[in-house]
Amino acid sequence: MMRLGIFATVHGAEPEGLVALARFLERLAADPSLAEGFGVFIYPLCNPTGFEDGTRTARTGLDLNREFWRNSEQPEVRFLESEIRTHAFDGIVTLHSDDTSDGLYGFVRGAVLSEYLLEPALREANRYLPRNRRPVIDGFAAREGIIQQGYPGMLQSEPGSLREPFEITLETPQKAPLDRQVSSLVGALETILLEYRRLQAVAQHI
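Described below are features of the structure shown in this document. A quick note: this is a predicted structure, and the numbers were derived from the prediction, not measured.

### Details of the pairing of strand S1 (residues 2–8)
In terms of burial, S1 is largely enclosed, as six of its seven residues are buried. Across six bridges, the pairing between S1 and strand S2 (residues 38–43) is parallel. Paired with Leu 4 across the bridge in S2 is Val 40. Where S1 lies against strand S3 (residues 91–98), five bridges are found, and the strand directions are parallel. Along S3, the bridge assignment pairs Leu 4 with Gly 91.

### Remarks on the sheet that holds S2
Ordered by their spatial adjacency, six strands build an open sheet running S2-S1-S3-S8-S4-S7, and the pairing between neighbours is mixed. Each edge of the sheet is formed by a strand with only one pairing partner; in this case those strands are S2 and strand S7 (146–147). Against the sheet, helix H3 (residues 75–87) engages S1, S2 and S3, with an angle of about 175 degrees to S2.

### Quick look at the packing of aromatic side chains
Overall, the coordinates contain nine aromatic pairs when judged by the stated rule. Between Phe 7 and Phe 89, the aromatic rings sit 6.2 Å apart at their centres with planes inclined by 80 degrees, giving edge-to-face as the arrangement. Of this pair, Phe 7 sits in strand S1 while Phe 89 is found in the loop between H3 and S3, placing the two residues 82 residues apart along the sequence. Judged by its relative accessible area of 2%, Phe 89 falls in the buried class. Cluster of aromatic residues (ring-pair linked, three or more members): Phe 7, Phe 41, Tyr 43 and Phe 89. Geometry around Tyr 151 places Arg 66 over its ring, the cationic atom sitting 3.9 Å from the centre.

Conventions adopted
- Residues numbered from 1 in each chain as written.
- Predicted model: local features only at pLDDT ≥ 70, side-chain atom pairs only at ≥ 80, totals over all residues.
- Heavy atoms only, no water.
- Buried < 20%, exposed > 50% of the residue type's maximum accessible area, 1.4 Å probe, protein only.
- Helix = DSSP H or I, 4+ residues; strand = E, 2+ residues; numbered from the N terminus.
- Pairing = 2+ DSSP bridges.
- Contact = heavy atoms within 4.5 Å.
- Axes fitted to C-alpha atoms, helices over the stretch in contact; angles between N-to-C directions.
- Phe/Tyr/Trp six-rings, centres within 6.5 Å; stacked < 30°, edge-to-face > 60°.
- Lys NZ or Arg CZ within 6 Å of the ring centre and 35° of its normal.

Below, the structure is given as structure tokens:
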């Protein structure tokens, strides 16, 4: 069984991912076949104090998405690092919203994953919201809304681990209507499940 970890609200002022995960769970409950072959682990509220305060940072003033695998003392980070180690995920997906972007985009690790996972996910999400096609997004070089770099300390698998999962961060334009952001994220998540299952099936026949 493929283990997938999905994380949201690492930034407390970005509740869109939390709402999308609630909708995604409703979809899985209505049609369990969507997640056939997966063990799906959901972490909808990774920054509870920031969510309560309506702030990007935790109540300590620290941006939790710059604290991972840096010997952080933040309890939220330590807990999530433990979960990532314990479950040895095959895939990690993190949901964010960006109040400076006018369209969808995503971070990914690996060129193959860009083509076979993130690209179709963004294409599905594009049914609800436009894609950010600027050559530079959030300070990173981008191609068709896909960024292959990332911030130090962002939520990801443990550096140097023997088993490296696929890692995708989805970003919606936060100023867009909430229902469109939620629909785009749910559609992207379902597409990632479908496409990764196809990739695994192809790999087994090579």
